[in-house]
Structure formats: structure tokens, C-alpha cells
Amino acid sequence: MKKRIVLALGGNALGEDLQQQMHAVKITAKAIVDLIAQGHELVITHGNGPQVGMIHQAFEAAAFQHGSQTLPMSVCVALSQGYIGYDLQNALREELLNRCINKPVTTLITQVLVDKHDPAFIEPSKPIGSFHSKSEAEKLMVQGVDVREDSGRGWRRVVASPKPKDIIEKDSVKALLDAGHVAITVGGGGIPVVSQGNHLKGASAVIDKDWASAVLAEMIDADMLIILTAVEKVAVNFNRPDQKWLDNITVDDAKRYIEQDQFAKGSMLPKVEAAMHFSASAPGRETLITLLEKASDGIAGKTGTRLRNM
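Residues numbered from 1 in each chain as written. Predicted model: local features only at pLDDT ≥ 70, side-chain atom pairs only at ≥ 80, totals over all residues. Heavy atoms only, no water.

### Some points on the side chain of T110
And then number 1: Here T110 lies in the loop between β3 (105-107) and β4 (111-114).
And then number 2: For T110, the side chain forms a polar contact with the main-chain nitrogen of V186, separated by 3.2 Å. (Helix = DSSP H or I, 4+ residues; strand = E, 2+ residues; numbered from the N terminus. Polar contact = N/O pair within 3.5 Å; in protein donor to acceptor, adjacent residues only side chain to side chain.)

See below:
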């Protein structure tokens, strides 16, 4: 059955640098177009970890060498959305045309609303960019940049990682879908913004892309959220003799596993939490967690971990 799907690409779908990304998106595009060819309506989201770090470091180096200001994190995320979208939409367009599929692909610069009172802003903890000496860190602090000493390795900029509350361009995503486009959106979790009346102000933050993808999927009434990762299925007792791969779990099952600390905080935990959020948001919605190359089989119920609210 044809579905409206939000497909959240993992980091391995984009590579680590310019050359890797240009190669990786060609492979990624083939798997995505497989789903389009089956008739599914797709929205593509993606991370931006290496890319936004590269952008931030470049402008940070310019600031030290030439005395210019460092770029706000919201601007770095916006730049990464354009750069990644440029490569990804071109790779998708080429693969679609190679298969004689006439379907437009559009990258949408996307803002994501966060709460300025989110507790994450009280103690920013997400490290970004390169390491600095104490004297360099002091110069950044004068500019109002949050920096922290990182385990004896030097000083790094830190930003908050608040939860997404709203996707500002959600109606634009719907309009693109209605017009038959493949939409690339919520890149890097979205540009973090806070509301000041009618004005949206960029926030010094990064948003988890799986959480932002789950909120988007809820708001555009998607049937399925697919979170792509480096493993075919989610496991409990991971890397232990009694490791167990999970095929089908409920939201209540996932809650129980979280209470048992089964999922690593920096990797699988936010994916499972995002999956729970979307799957619990309305009857019939489900999340699939699997590998990119297994997405088609996962939709058919042959592999992956499926999370439903029942």
C-alpha cells in the first residue's frame, strides 16, 4: 500500500566531507528512488553533523585570523541545509531521470521552533567545532560565545539541544507534496528559532534531526516515519551474550526498555524516543528503524524494527 513517508537519513548517507558526500548521495539516491518507484510519497530529512562542524570551523578560523565575528549556530545550520540539499536533490533528480520518472525534487530551507525556556538553554552541553587554547577561548567568551573545557583536550564551543516544538514551514512541505514534489526539509534538525511576536530569532542550538523528523511527520499527517541508522534492527542487551534483535515493539515496550537503560544516550535512545513520539501521535502511525538499503524490505515487513502504539 502506498504511504506518505518521512525518511530520516543517517550520517552514513552523506559522508564526512565534500568528496565523500558527493559519492554517498549517489548511493543514497538509488535507495530513495526505489521507494518513489513503488509509489510512496516521500519527504527526506537528514543530519548535518560533519557538515555543520566544517562550516563552523571555517568561519571560526577566519574570526581568529582576521578578527571577524563567528557565525551564529542558526546561520551555520542554514548554510548546511543549502549545501547538503544541493548535492542530494541533484543526485535524486539524476536517478529519477535515469529511470524515466518525471518528479521534481525541492530543498526547503526549514526553521524549527524551540522554547526559549527549554532547560537545555540553561546548561548548553553539545560540543561544536574545533578545540581551542584557553586564551583563544577567552576571546570567544568576549564575543558572547559559550565555551567549555573538554576533558583536558582543550576548550570547545557548546550549544543547547532543545526539543522541537513546531515546524515553521510545515504548510510549505504539504504544498510541495500536493504538487507532486519530493521535499528535502528539516536539514540538520532544522534552523533553531525562538518566537518574538511575529519575529523568529535564531537560537544558539542544534536540534536532534530524528526528533524534528518525528514532529514534522506528525504535522504533515504521515503514515510512517523511517529512521535510518547503522544497524538493521534495534537491539536490547546490545553487544552482550544475551543480545536480542527487536522486530515489532509497542510504545509501552519501548518505555520499559528505556527504563532499563537499554539504549545508548548518544545514539539509539533519541531515535527510539522520536519513534515513540510519532507512533503515539495518532492511530495507525508507525515508525521503522533500519538500514537505508533495507528500507524497502522494512516497509514490506521483512526486516527492521517497527514501533506501533498498541
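Still to come is the rest of the account.
### Structural notes on the nonpolar core
And then number 1: Core analysis: the largest hydrophobic core is formed by 44 residues, its most contacted members being V173, I220, F263, V272 and L307.
And then number 2: Elements represented by at least two residues in this core include exactly β4, α5 (170-178), α6 (209-219), β12 (224-228), α7 (251-259) and α8 (268-279).
And then number 3: Counting residues per element, this core draws most heavily on α8, at 7 residues.
And then number 4: With 30 residues, the next largest nonpolar core counts L88, V105, I184 and A295 among its residues. (Core = buried A, V, L, I, M, F, W, Y, C linked by side-chain atoms within 4.5 Å. Buried < 20%, exposed > 50% of the residue type's maximum accessible area, 1.4 Å probe, protein only.)

### A few points about helix α2 (residues 49-66)
And then number 1: Under the 1.5 Å per step criterion, the end-to-end length of α2 is 26 Å for 18 residues, consistent within 8% with the ideal 26 Å.
And then number 2: When α2 is considered as a whole, its buried residues turn out to be Q51, V52, G53, I55, H56, E60 and A63.
And then number 3: Where α2 is buried, its residues touch α1 (18-37), α3 (73-98), β5 (126-132), α4 (134-142) and β7 (155-159). (Expected span 1.5 Å × (residues − 1). Contact = heavy atoms within 4.5 Å.)

### A few points about the layout of surface pockets
It is the rolling of a water-molecule-sized probe over the atoms that shows where space remains empty.
And then number 1: In this structure, the second largest pocket occupies an estimated 200 Å³ of space.
And then number 2: Residue composition of the lining of the second largest pocket, grouped by class: 5 nonpolar, 7 polar and 2 charged. (1 Å grid on protein atoms, 1.4 Å probe; cavity = no way out; pocket = protein on both sides within 12 Å on 5 of 7 lines; lining within 4 Å. Points joined across faces, edges and corners; volume = space filled by probe spheres on them. Nonpolar A, V, L, I, M, F, W, Y, C, P; charged D, E, K, R; others polar.)

### Regarding the sheet that holds β4
And then number 1: Reading across from one edge, β8-β4-β10-β11 is the order of the 4 strands in this open sheet, with mixed pairing throughout. With one partner strand each, in any of the chains shown, β8 (164-167) and β11 (199-202) form the two edges of the open sheet. Taking each pair of neighbouring strands and ignoring which way they run, the sheet shows an average axis angle of 45 degrees.
And then number 2: One ladder, built from 4 bridges, connects strand β10 (residues 191-196) with β11; its direction is antiparallel. In the sheet register, Q196 faces β11, and the bridge partner there is H199. (Pairing = 2+ DSSP bridges. Axes fitted to C-alpha atoms, helices over the stretch in contact; angles between N-to-C directions.)

### Section: the pairing of β4
And then number 1: Side chains V112 and V114 of β4 all project onto a buried face; the interleaved residues Q111 and L113 project onto a face where none is buried.
And then number 2: For β4 and β10, the ladder comprises 3 bridges, and the chain directions are parallel. In the strand pairing of β10, L113 is matched with V193.

### Here's the deal with the packing of α2 against α3
And then number 1: At a minimum axis distance of 9 Å, the contact between α2 and α3 shows a crossing angle of 125 degrees. It follows that α2 is oblique to α3 by the angle criterion. At the point where α2 passes α3, the crossing takes the right-handed sense. Contacts between α2 and α3 involve Q51, V52, M54, I55, H56 and F59 on the former and, on the latter, M73, C76, V77, L79, S80, Y83 and I84.
And then number 2: Looking at side-chain class alone, the contact of α2 with α3 contains 10 nonpolar, 3 polar and no charged residues. (Parallel < 35°, antiparallel > 145°, perpendicular 65-115°, else oblique. Left-handed = near helix turned anticlockwise from the far one by under 90°.)

### Some thoughts on the pairing of strand β16 (residues 286-290)
Moving residue by residue along a regular strand, the side chains alternate between the two faces of the sheet.
And then number 1: The buried fraction of β16 is high, at 5 of 5 residues.
And then number 2: Along β16, one buried face is formed by E286, L288 and T290 and the opposite face, lined by T287 and I289, is buried too.
And then number 3: Pairing of β12 with β16 involves 5 bridges; the strand directions are parallel. Residue pairing for β16: I227 is matched across the bridge by I289.
And then number 4: Bridging between β16 and strand β17 (residues 305-308) involves 4 bridges; their strand directions are antiparallel. Bridge pairing in β17 links L288 to R306.

### Looking at the environment of S281
And then number 1: Take S281: it is sitting in the loop between α8 and β16.
And then number 2: For S281, a relative accessible area of 25% translates into the label partly exposed.
And then number 3: Sequence separation between S281 and A217 is 64 residues; the distance between their C-alpha atoms is 9.7 Å.
And then number 4: Here R285 takes part through its side chain, which lies 2.7 Å from a polar atom of the side chain of S281.

### Notes on unusual backbone geometry
And then number 1: Residue D221 is not a glycine yet carries a positive backbone phi of 60 degrees.
And then number 2: Non-glycine residue N239 carries a positive phi angle of around 60 degrees.
And then number 3: Relative to the assigned elements, N239 resides in the loop between β13 (235-236) and β14 (244-245).

### Side note on the packing of aromatic side chains
And then number 1: This model, assessed by the stated rule, comprises 2 aromatic pairs.
And then number 2: Consider the rings of F238 and W245, whose centres lie 6.4 Å apart with planes at 75 degrees: the pair is edge-to-face.
And then number 3: With a relative accessible area of 45%, F238 lands in the partly exposed category.
And then number 4: On the basis of an interplanar angle of 80 degrees and a centroid distance of 6.2 Å, the ring pair of Y257 and F263 is categorised as edge-to-face.
And then number 5: Overall, Y257 belongs to the buried group, its relative accessible area being 12%.
And then number 6: Positioned over the ring face of F131 is R156, at 4.8 Å from the centre of the ring.
And then number 7: Above the ring of Y257, the side-chain terminus of R256 is found at 5.3 Å from the ring centroid. (Phe/Tyr/Trp six-rings, centres within 6.5 Å; stacked < 30°, edge-to-face > 60°. Lys NZ or Arg CZ within 6 Å of the ring centre and 35° of its normal.)

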